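Topology and contacts: notes
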Amino acid sequence: MKLTEKIKHMTRRLRLLADKGYYPSYLRHQGVRIGKDAVILYPSYIDGRMPYLVEIGDNVVISLHVTILTHDATSAWAGDLIKVGRVTIKDHCFIGAGSTILCNTTIGPNAIVGAGSVVSRDIPPDTVYAGSPARFVCTMEEFTRKNKDAAAHRPLVEGCHYQHPYIPIQRKDALKKSLDDGFGYFCARLPNDKS
């Protein structure tokens, strides 16, 4: 690597520490193909050895501490062999926090990978997978129906009024109290909100 390239790389790394929103741009500089409106939260890790083998589609959300690997060095114990493979995450996917996506895998469009999962093989479109190794949980249609049914009987609040450490203590306490008997849901706008 030439000195000017090293300086550019170090400048990007420093900017990343100061500006977490810069992460997708940083990854693009490394060779990752990232579609439009994709959200990749930092810190997550995309294999620095061969980032150009990763392709992320449009409207994908990759949560915190996700690891995407394009190589598998365990095969080196079988001799001088390191397995390499592409990772493709198709459009409209959600990858939960702490998940690991192994090389040579494709996650189909409209799929969800639950938090903490290990994806070691392809995930079909329109499905929800979770676990280690990731296993089928349900279809997206079932997942959507289940959550809409649950939301009808659980606390529902406008997220913009609660996702902030400096909100009034009364609002924090009200949210805590509403969750005493379980979970609730945030939404962008309450269903009866006409604005």
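For the structure itself, look to the data block above.
Reading guide: rules and limits
Residues numbered from 1 in each chain as written. Predicted model: local features only at pLDDT ≥ 70, side-chain atom pairs only at ≥ 80, totals over all residues. Heavy atoms only, no water. Helix = DSSP H or I, 4+ residues; strand = E, 2+ residues; numbered from the N terminus. Buried < 20%, exposed > 50% of the residue type's maximum accessible area, 1.4 Å probe, protein only. Contact = heavy atoms within 4.5 Å. Lys, Arg positive; Asp, Glu negative; His and termini not counted. Charge placed at Lys NZ, Arg CZ, Asp CG, Glu CD. Core = buried A, V, L, I, M, F, W, Y, C linked by side-chain atoms within 4.5 Å. Pairing = 2+ DSSP bridges. Patch = residues over 30% accessible without salt bridge, like charges linked within 9 Å, V, L, I, M, F, W, Y side chains within 5 Å. Areas by Shrake-Rupley, 256 points an atom, 1.4 Å probe, with all protein chains shown as cover. Salt bridge = Lys/Arg side-chain N within 4 Å of Asp/Glu carboxyl O. Phe/Tyr/Trp six-rings, centres within 6.5 Å; stacked < 30°, edge-to-face > 60°.

Quick look at the overall build of the protein
Of regular secondary structure, the protein possesses four helices and 18 strands. With respect to the three principal axes, the spread of C-alpha positions in the protein is 60 × 40 × 30 Å. The buried share of the protein, taken over its 195 residues, is 31%. Long-range contacts, defined here as pairs at least 24 residues apart, represent 28% of the contacts in the protein between residues at least 6 apart. The distance from the centre of the 26 positive side-chain charges to the centre of the 19 negative ones in the protein is 6 Å.

Concerning the nonpolar core
Counting 28 residues, the largest nonpolar core has L27, I56, I62, I68, I89, I95 and I107 as its most contacted members. Of all the secondary structure elements, the ones that give two or more residues to this core are α2 (23–30), β4 (54–56) and β9 (87–89). Ranked by the residues each element gives to this core, the list is headed by α2, at three residues. The residues contacting I62, other than those within four sequence positions of it, are V39, I40, L41, S44, I56, I68, I89 and I95.

Some thoughts on the sheet that holds strand β12 (residues 105–107)
A sheet is described by the order of its strands in space; here four strands give the open sequence β1-β4-β9-β12, paired in parallel fashion. The sheet is open, and its two edges are formed by β1 (33–34) and β12, each paired on a single side. With three bridges joining them, β9 and β12 adopt parallel strand pairing. Counterpart to T88 in the pairing with β12 is T106.

Description of a nonpolar patch on the surface
A grouping of V39, L41 and L64 is seen on the molecular surface, where their side chains present a nonpolar patch of about 200 Å² in accessible area. The topology assignment puts V39 in strand β2 (residues 39–40).

A word on the sheet that holds strand β3 (residues 45–46)
Strands belonging to one sheet form pairs held by backbone hydrogen bonds; the direction of such a pair is parallel or antiparallel. What the four strands build is an open sheet, ordered β3-β6-β11-β14; its pairing is parallel. Bordering the open sheet on either side are β3 and β14 (118–119), each of which pairs with just one other strand. One ladder, built from two bridges, connects strand β11 (residues 100–101) with β14; its direction is parallel. For I101, the partnering residue across the bridge sits in β14 and is V119.

As for the packing of aromatic side chains
In this structure the tally under the stated criterion is five aromatic pairs. Relative to Y26, the ring of Y23 has its centre 6.3 Å away and its plane inclined at 15°; by these criteria the two rings are stacked. Within this pair, Y23 and its partner Y26 are both found in helix α2, separated by three residues, close to a single helical turn. The pair formed by Y23 and Y26 is uniform in burial state, with each residue classed as buried. An aromatic cluster of at least three residues, connected via ring pairs, comprises Y23, Y26 and Y42.

Observations concerning the pairing of strand β15 (residues 127–130)
Judged from the two bridges that link them, strand β13 (residues 112–113) and β15 form a sheet pairing that is parallel. Paired with V113 across the bridge in β15 is Y129. Pairing of β15 with strand β16 (residues 135–139) involves four bridges; the strand directions are antiparallel. Its bridge partner lying in β16, Y129 is registered against F136. The hairpin turn running from β15 into β16, its antiparallel successor, is four residues long, and G131 in that turn takes a positive phi close to 110°.

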